[in-house]
Amino acid sequence: MAQIKNEKQYAAACDRIEELLKIVSNETPADDKNMLELDLISEMVAEYEHEHYPVEAPSLAEVIKLRMFEMGITQSKLSELLGLSPARVSDIVTGKSEPTLKIGRLISQRLNISPSIVLGV
């Protein structure tokens with residue numbers, strides 16, 4: 001399969017994808033030449049992006065902040081929910097310190113965050 005080798009080719013491929021998206025829809029047959037081209041170019045762009053623009057897993061602090069936002073709670077409310085001092089919660093939420101196993105378990109259970117994220121595995 002062909003491969004994108006540099007930023008110029010990457011930009012051209014992205015432009016072509018934008019053009020094809022205007023032509024192709026969910027109703028376009030899978031064997032349509034534009035649909036086939038879109039699939040091939042999309043695959044090449046995905047491979048290039050995976051190599052040159054990797055997306056790193058979020059930190060525990062980032063996941064906690066997101067969950068707090070989703071739940072509509074503040075750090076003060078989180079400290080009540082976990083039974084921790086506001087200062088300890090602040091240290092965890094800012095990433096200054098890691099939670100103990102006991103606190104990690106509470107975070108996982110009370111915020112419904114996967115244990116693997118809390119443990120960093």
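Note that this is a predicted model, so its numbers are computed, not measured. (Residues numbered from 1 in each chain as written. Predicted model: local features only at pLDDT ≥ 70, side-chain atom pairs only at ≥ 80, totals over all residues. Heavy atoms only, no water.)

Looking at the nonpolar core
In this structure, I64, L78, I107, L111 and I113 are the most contacted members of the largest nonpolar core, which totals 17 residues. Looking at this core, the elements with two or more residues in it are α3 (60-71), α4 (75-82), α5 (86-93) and α6 (101-111). (Core = buried A, V, L, I, M, F, W, Y, C linked by side-chain atoms within 4.5 Å. Buried < 20%, exposed > 50% of the residue type's maximum accessible area, 1.4 Å probe, protein only. Helix = DSSP H or I, 4+ residues; strand = E, 2+ residues; numbered from the N terminus.)

Re the environment of E70
Structurally, the position occupied by E70 is in helix α3. Along the chain, E70 and I23 lie 47 residues apart, while their C-alpha atoms are 37 Å from each other. Among the polar contacts listed, one links the side chain of E70 to the side chain of R67, at a separation of 2.7 Å. (Polar contact = N/O pair within 3.5 Å; in protein donor to acceptor, adjacent residues only side chain to side chain.)

So, the environment of I64
For I64, the position within the fold is in helix α3. The buried category is assigned to I64, whose relative accessible area is 1%. Considering only alpha carbons, one finds I64 and A46, 18 residues apart in sequence, at a separation of 29 Å.

Focus on the environment of S42
Relative to the elements of secondary structure, S42 occurs in helix α2 (residues 33-52). It is 9.6 Å that separates the C-alpha atoms of S42 and R16, two residues lying 26 residues apart in sequence. A polar contact is formed between the side chain of S42 and the backbone oxygen of L38, at a distance of 2.7 Å.

Quick notes on the packing of α4 against α6
In the contact formed by α4 and α6, the axes pass within 10 Å of each other and the chain directions differ by 110°. Classified by the angle their axes make, α4 and α6 are roughly perpendicular. The residues of α6 that touch α4, namely those facing L78, L81 and L82, are L106, I107, R110 and L111. For the contact of α4 with α6, the per-class residue count stands at 6 nonpolar, no polar and 1 charged. (Axes fitted to C-alpha atoms, helices over the stretch in contact; angles between N-to-C directions. Parallel < 35°, antiparallel > 145°, perpendicular 65-115°, else oblique. Contact = heavy atoms within 4.5 Å. Nonpolar A, V, L, I, M, F, W, Y, C, P; charged D, E, K, R; others polar.)

All we've got here are geometric facts, nothing functional implied.
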